[in-house]
Amino acid sequence: MKRILLPVLLIITMIACNQKPEGYVVNGTLRGEVTDSTKVILKKIGENNQATPVDTAYTTKGEFSFSGAPTTPELHYLFVDKSPGFTVFVLENGEIEISAQKDSLSFAKVEGSLQNDIFSSYKEKTQSMSERAMSIQKDLQNASKNKDEASITALSDEMKELQEEYKNFELEYIKANPNGLISALLIDRAAASKASSIEELKELYNNLTPEIKENKAGKKALEKITLLEEKEAANKKTAIGSKAPDFSAKNPEGKEISLNSVLGKVTLIDFWAAWCRPCRAENPNVLAVYKKYHDKGLNIIGVSLDKDGDKWKKAIADDKLEWNQVSNLAYFNDEIAKLYNVDAIPAAFLLDENGVIIAKNLRGNALEQKVAELLN
């Protein structure tokens, strides 16, 4: 019986050792003057883009530990009570070891998992570039104080080269690490800053592994790329020389009004809102141009990005706006704003009698001069 039992136990032990760990364990060690029961807080970025506590641990002889259920890889942050800074790492299934000086948390050493190995190598390279950038910046400040134009030019060129090197490094890093969470995060950032073309971003995203594409960071990166594509398409639809897309919405009385129904010899589509101070400041000028040229063929349709109908109607009355006004009361989620790729107001599109866009965002004297040119 014992002879049979021993091999079975060995097999069970081997299987257990080879199984992937369920959930995560974070073991940390803090160096420096760390008193027992020092609070260590594990946080992540929540829906409101703020650091949200996930768990709390307390030190014993400088050591602490977190553990939890299975999770997908995601950036997390370690804060130590009464210590400056924090440690950024990837929380994922498995055992993760973190070692840090209490007063230098940003330089913590993180080991024990694939994503943290990838992330650590990225941070190591970028830290080196960051130090070079700070050195150049310091030299630039000294050169500026001494009015050393030759050094200023040389250092400025060096900084531009470093910035280009940094961009190329990130792109190559993404390509070399398609299985890295950091790669999805970098694509997301590049899309947000428009640092790369849509085609380049799509190529980088398509190269990611299925696991990273399914990760929250991967999905967010794809959303950003899709949004850029939609904006690019909207820009083409509303480029000068393009036929202005028709739209319709309700006026203050609840009547549906379309762009095509109010086209004149010249038509101004004016995106504004009651809460927008620059818009309200421009309204008297638009009103003056309208009074002067309406009888000659100028029509205006105002598209409000208000959310409060009463404030919208009051602003129309207060500013004595005499032209057609429509609104979906949807702020920047307004479908008309999205159709025209309007993400800031005031914004305006000037159309000819055929509804073709001939100018954008003319204000003050420039608006009157263009209208006069077309109608006089």
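Everything below is about the structure printed above this text.
Keep in mind the model is a prediction, meaning the values are calculated, not measured.

*Asks:* Before we go on, may I ask you to explain the overall build of the chain in this structure?
*Replies:* Looking only at helices and strands, the chain features 11 helices and 15 strands. Taken against the 2.2 N^0.38 rule, which gives 21 Å for 376 residues, the C-alpha radius of gyration of the chain at 30 Å runs more than 25% over that of a compact globule. Projected onto its principal axes, the C-alpha positions of the chain cover 105 × 70 × 40 Å. Expressed as a percentage of the 376 residues in the chain, the buried residues total 40%.

*Asks:* Even after reading the chapter, I still don't get the nonpolar core, so can you show me in this structure?
*Replies:* Soluble globular proteins: nonpolar side chains tend toward being buried together. Residues Phe-247, Ile-269, Phe-271, Tyr-340 and Val-342 are the most contacted members of the largest nonpolar core, which totals 47 residues. Of all the elements in the fold, those that place two or more residues in this core are β11 (266–272), α8 (277–293), β12 (298–304), α9 (309–318), α10 (335–339), β14 (347–351), β15 (357–360) and α11 (364–375). It is α8 that contributes the most residues to this core, six residues altogether. Sequence-distant contacts of Phe-271, defined by excluding residues within four places in its chain, comprise Cys-279, Val-303, Leu-305, Ile-336, Ala-337, Tyr-340, Val-342, Ile-345, Pro-346, Ala-347 and Phe-349. Counting residues in each nonpolar core, the second largest holds 35 residues, with Val-90, Met-159, Leu-204 and Leu-228 among its members.

*Asks:* Is there a simple way to think about the sheet that holds strand β1 (residues 24–31) in this case?
*Replies:* By definition, the strands of a sheet pair up through backbone hydrogen bonds, in either a parallel or an antiparallel sense. Read across the sheet, four strands follow the order β4-β1-β7-β8 without closing on themselves; strand pairing throughout is mixed. Each of the sheet's edge strands pairs with one partner strand only, and the pair in question is β4 (63–68) and β8 (109–111). Across the sheet, the axes of successive neighbouring strands diverge by a mean angle of 15°, strand direction being ignored. Direction of pairing for strand β7 (residues 94–101) relative to β8: antiparallel, over a ladder of three bridges. In the strand pairing of β8, Ile-98 is matched with Val-110.

*Asks:* Just to check I follow, could you spell out the side chain of Thr-267 for this structure?
*Replies:* Relative to the helices and strands, Thr-267 resides in strand β11. Filtering out sequence-adjacent residues up to four positions away, Thr-267 remains in contact with Leu-259, Val-262, Asn-299, Phe-349, Leu-350 and Leu-351.

*Asks:* Any chance you could explain the packing of α8 against α11 here in plain terms?
*Replies:* Two packed helices can be described by the angle between their axes and the distance between those axes. Two numbers describe how α8 lies on α11: the axes approach to 10 Å, and their chain directions differ by 15°. By the criterion of interaxial angle, the relationship of α8 to α11 is roughly parallel. Crossing handedness for the pair α8 and α11: right-handed. Facing α8, whose interface residues are Glu-282, Asn-285, Val-286, Val-289, Lys-292 and Tyr-293, α11 presents Gly-364, Leu-367, Glu-368, Val-371, Ala-372 and Leu-375.

*Asks:* What is the right way to look at the packing of helix α2 (residues 114–145) against helix α4 (residues 181–193) in this model?
*Replies:* Interhelical geometry of α2 versus α4 gives an angle of 50° and a closest axis separation of 8 Å. One finds that α2 runs oblique with respect to α4. Only Leu-181, Ile-182, Leu-186 and Arg-189 of α4 make contact with α2, whose side of the interface consists of Gln-115, Ile-118, Phe-119 and Tyr-122. Counted by class, the contact of α2 with α4 contains six nonpolar, one polar and one charged residues.

*Asks:* Sorry, what's going on with a negative patch on the surface here?
*Replies:* On the surface, Asp-139, Asp-157, Glu-158 and Glu-161 cluster together into a patch of negative charge. Of the residues forming the negative patch, the biggest block, three residues, is contributed by helix α3 (residues 149–176). With respect to the helices and strands, the residue Asp-139 is situated in helix α2. With relative accessibility at 37%, the residue Asp-139 sits in the partly exposed group.

*Asks:* Is there a simple way to explain the side chain of Asn-283 in this structure?
*Replies:* Within the secondary structure, Asn-283 sits in helix α8. At 2.8 Å, the side chain of Asn-283 forms a polar contact with the side chain of Asp-319. The contacts of Asn-283, once residues within four sequence positions are left out, are Asp-270, Trp-272, Asp-319 and Leu-321.

*Asks:* What is the right way to read unusual backbone geometry from this model?
*Replies:* Glycine aside, residues mostly have negative phi angles, and peptide bonds mostly take the trans form. The amide bond that connects Ile-345 to the next residue, Pro-346, takes the cis arrangement and shows omega of 5°. As for its position among the elements, Pro-346 is in the loop between α10 and β14. One non-glycine residue, Ser-37, lies in the positive phi region at around 70°. Position of Ser-37 among the secondary structure elements: in the loop between β1 and β2 (39–45). A positive phi angle, near 50°, is found at Leu-329, a position not held by glycine. Classification of Leu-329 as partly exposed rests on a relative accessible area of 34%.

*Asks:* Even after reading the chapter, I still don't get the pattern of salt bridges, so can you show me in this structure?
*Replies:* Pairing of side chains with opposite charge becomes possible as their charged atoms draw close. Taken as a whole and assessed by the stated rule, the structure comprises 15 salt bridges. Here Lys-175 makes a salt bridge to Glu-172, at a shortest N to O gap of 3.6 Å. Placement of both Lys-175 and Glu-172 in helix α3 is noted, with a separation of three residues, approximately one turn of the helix. The partner of Glu-229 in a salt bridge is Lys-202, with the nearest N and O atoms 2.9 Å apart. Here the residue Glu-229 occupies a position in helix α7 (residues 216–237), and Lys-202 occupies one in helix α5 (residues 198–206), the gap between them amounting to 27 residues. Exposure remark for Glu-229: the relative accessible area of 30% places this residue in the partly exposed category.

Criteria and cut-off values
- Residues numbered from 1 in each chain as written.
- Predicted model: local features only at pLDDT ≥ 70, side-chain atom pairs only at ≥ 80, totals over all residues.
- Heavy atoms only, no water.
- Helix = DSSP H or I, 4+ residues; strand = E, 2+ residues; numbered from the N terminus.
- Rg over C-alpha atoms; globule rule 2.2 N^0.38 Å.
- Buried < 20%, exposed > 50% of the residue type's maximum accessible area, 1.4 Å probe, protein only.
- Core = buried A, V, L, I, M, F, W, Y, C linked by side-chain atoms within 4.5 Å.
- Contact = heavy atoms within 4.5 Å.
- Pairing = 2+ DSSP bridges.
- Axes fitted to C-alpha atoms, helices over the stretch in contact; angles between N-to-C directions.
- Parallel < 35°, antiparallel > 145°, perpendicular 65-115°, else oblique.
- Left-handed = near helix turned anticlockwise from the far one by under 90°.
- Nonpolar A, V, L, I, M, F, W, Y, C, P; charged D, E, K, R; others polar.
- Patch = residues over 30% accessible without salt bridge, like charges linked within 9 Å, V, L, I, M, F, W, Y side chains within 5 Å.
- Areas by Shrake-Rupley, 256 points an atom, 1.4 Å probe, with all protein chains shown as cover.
- Salt bridge = Lys/Arg side-chain N within 4 Å of Asp/Glu carboxyl O.
- Lys, Arg positive; Asp, Glu negative; His and termini not counted.
- Charge placed at Lys NZ, Arg CZ, Asp CG, Glu CD.
- Polar contact = N/O pair within 3.5 Å; in protein donor to acceptor, adjacent residues only side chain to side chain.

What is shown is where atoms sit, not what they do.
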